[in-house]
Amino acid sequence: MNPMKVSLPKHMTCDFLETRLMIMEVPGAALELGCGTGRLLLSYLAAGIEVDGVDCSKDMLEICRAKAKINGQDPVLYDQYMQQLNLPKKYMTIYIPAASFMLLTEREDAMEALKSIYAHLEYDGQTLIPLFIPKHLFNNKDDEWAPGLRGTRSDGSEIVVSSKSNINFLEQIQTKLERYEIVRDGVLIDTQYSTTKMRWFYKYEFLMMLEKVGFHDFSIYGGYSLQEVNEDQSFMIIRARK
Ligand SMILES: C[S@@+](CC[C@H](N)C(=O)[O-])C[C@H]1O[C@@H](n2cnc3c(N)ncnc32)[C@H](O)[C@@H]1O
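Residues numbered from 1 in each chain as written. Predicted model: local features only at pLDDT ≥ 70, side-chain atom pairs only at ≥ 80, totals over all residues. Heavy atoms only, no water.

In the nomenclature of an unreviewed UniProt entry, the chain corresponds to Class I SAM-dependent methyltransferase from the organism Paenibacillus ginsengarvi.

A. Up close: the environment of Val 51. Mapped onto the elements of the fold, Val 51 is located in strand β3 (residues 51–55). When the C-alpha atoms of Val 51 and Tyr 193 are compared, they prove to be 34 Å apart, with 142 residues separating the residues in sequence. With residues near it in sequence (within four places) discarded, Val 51 still touches Ala 30, Leu 31, Glu 32, Leu 41, Tyr 44, Leu 45 and Tyr 95. (Helix = DSSP H or I, 4+ residues; strand = E, 2+ residues; numbered from the N terminus. Contact = heavy atoms within 4.5 Å.)

B. Geometry of the environment of Tyr 44. In this fold, Tyr 44 is placed in helix α3 (residues 41–46). The spacing of Tyr 44 and Ile 23 is 21 residues in sequence and 9.6 Å in space, taken between C-alpha atoms.

C. Quick peek at the domain arrangement of the chain. Annotation of the chain at the domain level lists domain 1 (5–133 + 200–241) and domain 2 (135–198). Summarising the inter-unit geometry, the C-alpha centres of domain 1 and domain 2 are found 25 Å apart. Taken together, the contact pairs 20 residues of domain 1 with 16 residues of domain 2. Approximately 1,400 Å² of surface area, both sides summed, lies buried where domain 1 meets domain 2, with 63% of it carried by carbon and sulfur atoms. For the pair domain 1 and domain 2, the interface holds zero salt bridges. Taken together, the connections running from domain 1 to domain 2 amount to three residue pairs in polar contact (both at pLDDT 80 or more). (Domains from an automatic or database assignment. Buried area = accessible area lost by both parts, 1.4 Å probe. Salt bridge = Lys/Arg side-chain N within 4 Å of Asp/Glu carboxyl O. Polar contact = N/O pair within 3.5 Å; in protein donor to acceptor, adjacent residues only side chain to side chain.)

Following this line, the structure appears as structure tokens:
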């Protein structure tokens, strides 16, 4: 079966290089939380990084295992929630790509995830947590469909994704309604919808959360670089040590 070909938005692709460099700076085993189908995990393994994965979706892990098998890889994968980790091993790096930490929309879950990460890090280990503030949506009208990913499915049909977002400034929650239109030979043959909620965190709020759990030695990188974040950037990678 041919995989679906898609063009990913920048925030989904660009933590690849930065995260990899930061993992390699701290030698030892790494753990990816929300590893999904192994987009990053399998390429990091291929690059010689010792990395295990956690995801709460059996389907995603199954695809990851199938892709790994084709590559001749045998990753250690756990079907667990990042806010309730119970793993037999500790790590020098625990990272969460693609801003997946923001999927923890309940504040208690976010704190529990940070505690779980802390408990599963070796002394002096690091965590890498990309986050973004959806500033680009702050002035959007939530009744307009914005164009998103497009791709070609294995049967040749096109999939066109568009989205509408609602922003709750008080609760810092973005609710995104996504529409998936399947088009074959120019004819719309199916439409499906999904809703995703994400919570955004501001810089000092997140540092206070990390401090509360016991982390120290914070760095915040901005944009898609290894430079310190500045006020114009809404994407950041937070790095903290145990
Ligand atoms: C946006 S995907 C990112 C996948 C992969 N890290 C990548 O960069 O391609 C988010 C992944 O996080 C997983 N996920 C969401 N909430 C989770 C949770 N609470 N605990 C563990 N995994 C979670 C989803 O199942 C999904 O595979």
